[in-house]
Every structure is written in C-alpha cells, then in structure tokens.
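# Working through the structure, step by step
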Amino acid sequence: MVTQPRIGVLALQGDVPEHLHALGEAGAQAVAVKTLAGLAAVDGLVIPGGESTTIGMLLERYGLMAPLRERIAAGMPLYGTCAGLILMAREVEGSEQPRLGCMDITVRRNAYGRQVDSFEVDVPAPELGGTNPLRAVFIRAPQITAIGPEVRILAEMPNGPILVRQGSLLGGTFHPEMTEDRRVHAYFRRMVQEQ
Ligand code: GLN
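All of the points below concern the structure found in this document. (Residues numbered from 1 in each chain as written. Predicted model: local features only at pLDDT ≥ 70, side-chain atom pairs only at ≥ 80, totals over all residues. Heavy atoms only, no water.)

## Some points on the overall build of the protein
Quick reminder of the rule: Secondary structure elements follow DSSP: runs of H or I no shorter than four residues count as helices, runs of E no shorter than two count as strands, and numbering proceeds from the N terminus. To sort residues, take the accessible area from a 1.4 Å probe on protein chains only and compare it with the maximum for the residue type: under 20% means buried, over 50% means exposed, and anything in between is partly exposed. Contacts were defined at the residue level, with two residues in contact if any of their heavy atoms lie within 4.5 Å. Using a 1.4 Å probe, accessible areas were evaluated by the Shrake-Rupley method; residue-level cover was limited to the displayed protein chains.
What the protein contains, in helices and strands, is six helices and 12 strands. The buried share among the 195 residues of the protein stands at 53%. Residue pairs in contact within the protein that sit at least 24 positions apart in sequence constitute 64% of those at least 6 positions apart. Approximately 8600 Å² of the protein is accessible, and the part contributed by carbon and sulfur atoms is 50%.

## Focus on the site of the ligand
What counts is decided by this rule: The cutoff for a nearby residue is simple: one of its non-hydrogen atoms must lie within 4 Å of the molecule or strand. Any N or O atom pair separated by 3.5 Å or less is treated as a polar contact, with the protein-specific requirement of one donor-capable and one acceptor-capable atom, and with residues adjacent in sequence counted only for side-chain atom pairs. Classification convention: Asp, Glu, Lys, Arg as charged; Ala, Val, Leu, Ile, Met, Phe, Trp, Tyr, Cys, Pro as nonpolar; all other residues, Gly among them, as polar.
Neighbouring residues of the ligand: G49, G50, E51, S52, C82, A83, I86, R109, N110, I139, R140 and H175. Within the backbone of I139, an N or O atom sits 3.0 Å from a nitrogen atom of the ligand. A distance of 3.0 Å is found between a nitrogen atom of the ligand and a side-chain nitrogen or oxygen belonging to H175. In isolation the ligand exposes 300 Å². Once the protein is present, 98% of that is buried. Residues belonging to the shell around the ligand are distributed by class as follows: four nonpolar, five polar and three charged.

## Quick look at the pattern of salt bridges
Stated precisely, the cut-off is as follows: Each reported salt bridge corresponds to a side-chain nitrogen of Lys or Arg within 4 Å of a carboxyl oxygen of Asp or Glu.
One pass over the structure, following the stated rule, counts eight salt bridges. Here R109 ties to E51 by a salt bridge, and the two come within 2.7 Å at their closest N and O atoms. Separated by 58 residues along the polypeptide, R109 in the loop between strand 6 (103-108) and strand 7 (118-123) and E51 in the loop between strand 3 (44-47) and helix 3 (52-61) bring together distant segments of the chain. A salt bridge links R152 to E127; the nearest nitrogen and oxygen atoms lie 2.9 Å apart. Note that R152 is positioned in strand 10 (residues 152-157) and E127 in the loop between strand 7 and strand 8 (134-139), a separation of 25 residues in sequence. Three or more residues joined by partner-sharing salt bridges are found here, namely E120, D122 and R135.

## Brief notes about the side chain of Q193
Here Q193 is to be found in helix 6 (residues 183-194). There is a polar contact of 2.9 Å between the side chain of Q193 and the side chain of R189.

In structure tokens:
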C-alpha cells in the first residue's frame, strides 16, 4: 500500500486547481493530467466539474477517451464531480454526448433549472466519517434519476442520490472542492490506497 497515492485531476477544462488543492489537503500527491503519459503516471483520477460536453469532446480530441476507459476497466479508481459524473453516467437523459459511460446510473443535466443556478444544502453523510453534516454546493447540477443494483448511495437528498459508489468508481452531483470539508476527497484517497 502506498502511503501518499498519486491522484490526477483531468485538466482539460473545469475547476482543476480547487481539486488539486483539496486532494493535497486530503493527503494525496495531486497532479494535473492532460496527456496519455500523465494518465499512465497516476494511481487514481478526478474528473472535475465544468462543461461535460466540452470535456467529453476534448477527451476524444486528445485521444484520451479509449485509454481512460481501459484504465477504468483495469480498476483505476475514478471520482467524477458534476460534469465529471455526467461523463461517467451510462445514460444521460436526452443526450448522446461523448462520455465514458462507465457507471450504471442515469443523470439529468441541469436538473434544477435556470432559475436555481447554484445553491447549498447540508446533508448527512455517515459513511464519510464524522457526525456533522456535509455542506453540498450545487452549481448547474445534474440529478441522478436512476441507479443500477451495484451502485451504493453514500449521500442523498429527497429528490435522489447525490454521492454514489460502484466498486472503484465514485460520483457526486455537488462540489466538495468548493468547501473546507475534505471528507469526500479523503474518502477517495482511501479508495485509491486500498486499490
Ligand atoms: N451543467 C454542467 C454540464 O452539464 C455541469 C455543471 C458543473 O459541472 N458544475 O456539464
């Protein structure tokens, strides 16, 4: 087991520096990943929030989509937030956008409508450790509308799951990198260490 795993943040578009900072605070060696060589050098990967259509298009343009799928199939832990989660979803309602499609979930993009661009909610998350609730920040967030039998819910709101895990895959509809709470990044760091 490595003591300080090397975790990449896919740096094609989106809020990359915030995740690098959060991963560092959570005890990982955090590096930006833009290339095939960069992908090969990490033990786990975070796909940040941003614009899922743009990130998906750039993954294909830079020849990273297929190699990333291979790493995931070989068991590399992956954590997607927001746009990153959309890229992981097997189904995106009403969209055929390029994506990894590796997680057995269905998502609805921009599910909270244009009136509610962003908002914050405190949710219980006992599986992450600690008794205090988790502050979840949503920014033009997707909603998880269906999950497969192998998907476990780690946190949820009345309208559905907001943090889910399927084996070595972790996905959330909110942005823990925007808060000071490092429990989600630390949870992912442990997933990488245990791999
Ligand atoms: N609305 C964006 C999308 O559909 C996701 C927003 C985000 O990542 N904060 O890709």
